[in-house]
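# Chains, contacts and geometry: an overview
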Amino acid sequence: MKVLVAVKRVVDYNVKVRVKSDGTGVDISNVKMSMNPFDEIAVEAAVRLKESGAVSEIIAISCGVAQCAETLRTAMAIGADRAILVESTQELQPLAVAKLLKAVVDKEQPGLVILGKQAIDDDCNQTGQMLAALCGLPQATFASALTVADGKAVVKREVDGGLETLSLDLPAVVTTDLRLNEPRYVTLPNIMKAKKKPMETFTPAGLGVDVASRLKTLGVKEPAQRSAGIKVADVATLVDKLRNEAKVI
Ligand code: AMP
């Protein structure tokens, strides 16, 4: 069985992003870019399924600028067998990405598609759900455990007050939550091996997909500055301030 894993190139999670002076977005020039952390978990999940014998081939896919090839090389260093880059310099919103992924799902016919639950740059949490809807496939979002056997995927999800277990008929779409696994470190020999693994490049037009934006960003603002805190002398002063200044008790 083939697994398709979607990996997005995003601003590294350690970078403190700055809003552009014209308020049109976040400044990503000269900042470190990395694989979206939930997508690393998705690749790791696919590799573990391959190691358990449930999966025979892992295909990593990324949509975006040419540098997404680096993200795909990382996915192949973790253990993906080959990669697909859908190259575009246009802004790709979740619906556009979901349509591109659907076009590749139709071509490759994977038994399972694994995505991150959300990209840490746009925090949309939409692409997996949209892909499942477009393909008419069962979906399990926010997976914290995943097993595959006998044509089914069993997914545990953390929900309020406990764990929900879902059984999905394959093919299916699964999105990963933080606790699904801890991705392995990429080793130098595997980085070298990844350089030789195959990568195909497509364009949205070549896949017959219209990636025009459906949403317009009106503005992006820094969060409001918090005013400095104060130290109070004793509990009585604290209670007095909470009651008479903050008026919260
Ligand atoms: P989002 O809906 O934008 O929060 O993204 C959810 C997940 O969809 C991500 O964790 C990725 O697995 C996948 N995804 C989103 N955008 C892209 C992209 N440009 N290329 C590849 N995968 C993507």
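None of these values were measured; they are calculated from a predicted model.

### With respect to the overall build of the protein
Across its full length, the protein holds 6 helices and 11 strands. Taken along the three principal axes of its C-alpha coordinates, the protein extends 65 × 45 × 40 Å. Counting only residues that meet the buried cut, the protein has 39% of its 249 residues in that class. Contacts in the protein between residues at least 24 apart in sequence constitute 71% of all its contacts with a sequence separation of at least 6. For the protein, the computed accessible surface area is about 14,100 Å², with 53% contributed by carbon and sulfur atoms. The distance from the centre of the 32 positive side-chain charges to the centre of the 30 negative ones in the protein is 2 Å.

### Some points on the pairing of strand S1 (residues 2-6)
Across the 5 residues that make up S1, a large majority, 4, are buried. Sheet topology places S1 next to strand S4 (residues 57-64); 5 bridges connect them, and they run parallel. Residue pairing across strands places Ala-6 opposite Ile-61, the latter belonging to S4. The sheet contact formed by S1 and strand S6 (residues 112-116) spans 3 bridges and is parallel. By the bridge assignment, Leu-4 is partnered in S6 with Val-113.

### Describing the pattern of salt bridges
Evaluation of the coordinates by the stated rule reveals 19 salt bridges. In this structure, Asp-121 and Lys-8 form a salt bridge, with 3.1 Å as the shortest nitrogen-oxygen distance. Taken together, the positions of Asp-121 in the loop between S6 and helix H4 (127-135) and Lys-8 in the loop between S1 and strand S2 (9-11) put the pair 113 residues apart, joining distant regions of the chain. Of the charged contacts in the structure, one is a salt bridge between Glu-51 and Arg-184, with a shortest N-O distance of 2.8 Å. Placement of the pair is Glu-51 in helix H1 (residues 37-51) and Arg-184 in the loop between strand S10 (172-176) and helix H5 (188-195), with a sequence separation of 133 residues. Judged by its relative accessible area of 55%, Glu-51 is exposed.

### Considerations on the sheet that holds S4
Strand pairs in the sheet, formed through backbone hydrogen bonds, run parallel or antiparallel to each other. The 9 strands lie next to each other as S9-S8-S7-S10-S6-S1-S4-S5-S11, forming an open sheet whose pairing is mixed. This sheet does not close on itself; its edge strands, each paired only once, are strand S9 (162-169) and strand S11 (199-202). Averaged over all adjacent pairs, the angle separating strand axes in this sheet is 30°, with direction ignored. Note: S4 against strand S5 (residues 82-87), 6 bridges, orientation parallel. Within the sheet, the bridge partner assigned to Ile-61 lies in S5 and is Ile-84. Against the sheet, H1 contacts S1, S4, S6, strand S7 (139-149) and S10, and its axis sits at roughly 150° relative to S6.

### Focus: the site of the ligand
Inspection of the region around the ligand gives 18 residues, with Asp-39, Ala-119, Asn-125, Gln-126 and Thr-127 positioned closest. Ala-6 places a main-chain nitrogen or oxygen 3.0 Å from an oxygen atom of the ligand. In the environment of the ligand, an oxygen atom lies 2.8 Å from a nitrogen or oxygen atom belonging to the backbone of Ala-119. Coverage of the ligand by the protein chains reaches 99% of its 480 Å² of free accessible surface. Elements that contribute at least two residues to the shell around the ligand include exactly S4 and S6.

### Considerations on helix H2 (residues 68-78)
All of the buried residues in H2 are Cys-68, Thr-71, Leu-72, Ala-75, Met-76, Ala-77 and Ile-78. Just downstream of H2, Gly-79 is the residue with a positive phi angle, here 150°.

### Considerations on the pairing of S7
On a regular strand, each side chain points to the face opposite its neighbour's, so the side chains alternate between the two faces of the sheet. In terms of strand pairing, S7 meets S10 through 3 bridges, oriented parallel. Paired with Ala-143 across the bridge in S10 is Thr-176. Sheet topology note: the S7/strand S8 (residues 152-159) ladder contains 6 bridges and is antiparallel. Following the sheet pairing, Ala-149 is matched in S8 by Lys-152. The antiparallel pairing of S7 with S8 creates a hairpin that spans 2 residues between the two strands, and Asp-150 there sits at a positive phi of about 50°.

Criteria and thresholds
- Residues numbered from 1 in each chain as written.
- Predicted model: local features only at pLDDT ≥ 70, side-chain atom pairs only at ≥ 80, totals over all residues.
- Heavy atoms only, no water.
- Helix = DSSP H or I, 4+ residues; strand = E, 2+ residues; numbered from the N terminus.
- Buried < 20%, exposed > 50% of the residue type's maximum accessible area, 1.4 Å probe, protein only.
- Contact = heavy atoms within 4.5 Å.
- Areas by Shrake-Rupley, 256 points an atom, 1.4 Å probe, with all protein chains shown as cover.
- Lys, Arg positive; Asp, Glu negative; His and termini not counted.
- Charge placed at Lys NZ, Arg CZ, Asp CG, Glu CD.
- Pairing = 2+ DSSP bridges.
- Salt bridge = Lys/Arg side-chain N within 4 Å of Asp/Glu carboxyl O.
- Axes fitted to C-alpha atoms, helices over the stretch in contact; angles between N-to-C directions.
- Near = heavy atom within 4 Å.
- Polar contact = N/O pair within 3.5 Å; in protein donor to acceptor, adjacent residues only side chain to side chain.

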